[in-house]
Amino acid sequence: MKRIFVIDWILIVVFIVSAISGFGLHVAGHGGSHVIWHNWAVFHVLGSVLFFVAIIFHVVTHRGWYKGIMQKGIGRKSKVTVVLSVIFLLLSVTGLALLGINGANSPLGLWHYKIGIITTVIALGHVIKRLSVLRKSLNCRM
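From a predicted model like this one, the values you see are computed outputs, not experimental measurements.

Draft legend 1. Looking closely at a nonpolar patch on the surface. Among the surface-exposed residues, V45, V49, V53, F57, L96 and L99 lie close enough to one another that they form a single nonpolar patch of about 540 Å² accessible area. Where the nonpolar patch is concerned, the elements lending two or more residues are α2 (34-61) and α4 (79-99). By residue number, the principal contributor to the nonpolar patch is α2, which donates 4 residues. Looking at the element boundaries, F57 is found in helix α2.

This is the structure we're talking about:
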């Protein structure tokens, strides 16, 4: 399998981990147990760090696409992918900012959660649009 597809499949797995743990963390924040909230927080941070690292590899493998946007503008390129890139950057900035503060039930934490929901919806569309190519990658030989 080509390296780009290995990265994409890893990205899907860690995306699922990050999204589910983010929702779990939000729900646990409404409960009474700090231990449960803390466990979700640790799981979410670890999953999200892995997701962020996978995103870096993903962007590097698609650097030509991004370079084209910088040089020629969006043009016929996928506007949804551009929006996803920008909103993921915002999600990452808010997530990193939350590491430095007590983010539980904070306004920034709520913004991060809402941006996370939007990112999840757009990312699901991004993945679904590419599923046929990803499925074919499972059948190719090295």
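Draft legend 2. Expanded view of the packing of aromatic side chains. Using the criterion set out here, one finds 6 aromatic pairs in the structure. With 6.3 Å between their ring centres and 25° between their planes, F52 and F88 make a pair best called stacked. Residue F52 is found in helix α2, and its partner F88 is found in helix α4; the two are separated by 36 residues along the sequence. Through pairs of rings, three or more aromatic residues link up here, namely F15, F51, F52 and F88.

Draft legend 3. Representation of the layout of surface pockets. Reported here for the largest pocket is a volume of approximately 1,000 Å³. Lining the largest pocket are 38 residues; nearest its centre among them are L25, H44, G95, L98 and H112. Of the residues contributing to the lining of the largest pocket, the split by class is 20 nonpolar, 18 polar and no charged. Space inside the second largest pocket adds up to approximately 750 Å³. Lining the second largest pocket are 29 residues, and of these L11, H58, Y66, L84 and H126 sit closest to its centre.

Draft legend 4. A look at the packing of α2 against α4. Their axes nearest at 12 Å, the elements α2 and α4 cross at an angle of 140°. Taken as axis vectors, α2 and α4 run oblique relative to one another. In the packing of α2 onto α4, the handedness of the crossing is left-handed. Judged by residue contacts, V45, F51, F52 and I55 of α2 engage F88, S92 and L99 from α4. Each residue belonging to the contact of α2 with α4 can be placed in one class, and the counts come to 6 nonpolar, 1 polar and no charged.

Draft legend 5. Quick look at the nonpolar core. Core analysis: the biggest nonpolar cluster contains 13 residues, and L11, F51, I55, L84, I87 and F88 have the highest contact counts within it. Setting aside anything within four residues of it in sequence, one finds L11 in contact with F51, A54, I55 and H58.

Draft legend 6. Molecular detail of the environment of A123. With respect to the secondary-structure elements, A123 resides in helix α5 (residues 107-129). The sequence separation of A123 and R3 amounts to 120 residues, and the corresponding C-alpha distance is 21 Å. Leave out the neighbours within four places in its chain, and A123 touches F15 and L84.

Cut-offs and rules
- Residues numbered from 1 in each chain as written.
- Predicted model: local features only at pLDDT ≥ 70, side-chain atom pairs only at ≥ 80, totals over all residues.
- Heavy atoms only, no water.
- Patch = residues over 30% accessible without salt bridge, like charges linked within 9 Å, V, L, I, M, F, W, Y side chains within 5 Å.
- Areas by Shrake-Rupley, 256 points an atom, 1.4 Å probe, with all protein chains shown as cover.
- Salt bridge = Lys/Arg side-chain N within 4 Å of Asp/Glu carboxyl O.
- Helix = DSSP H or I, 4+ residues; strand = E, 2+ residues; numbered from the N terminus.
- Phe/Tyr/Trp six-rings, centres within 6.5 Å; stacked < 30°, edge-to-face > 60°.
- 1 Å grid on protein atoms, 1.4 Å probe; cavity = no way out; pocket = protein on both sides within 12 Å on 5 of 7 lines; lining within 4 Å.
- Points joined across faces, edges and corners; volume = space filled by probe spheres on them.
- Nonpolar A, V, L, I, M, F, W, Y, C, P; charged D, E, K, R; others polar.
- Axes fitted to C-alpha atoms, helices over the stretch in contact; angles between N-to-C directions.
- Parallel < 35°, antiparallel > 145°, perpendicular 65-115°, else oblique.
- Left-handed = near helix turned anticlockwise from the far one by under 90°.
- Contact = heavy atoms within 4.5 Å.
- Core = buried A, V, L, I, M, F, W, Y, C linked by side-chain atoms within 4.5 Å.
- Buried < 20%, exposed > 50% of the residue type's maximum accessible area, 1.4 Å probe, protein only.

Take it as geometry only, folks, not as evidence of what the structure does.
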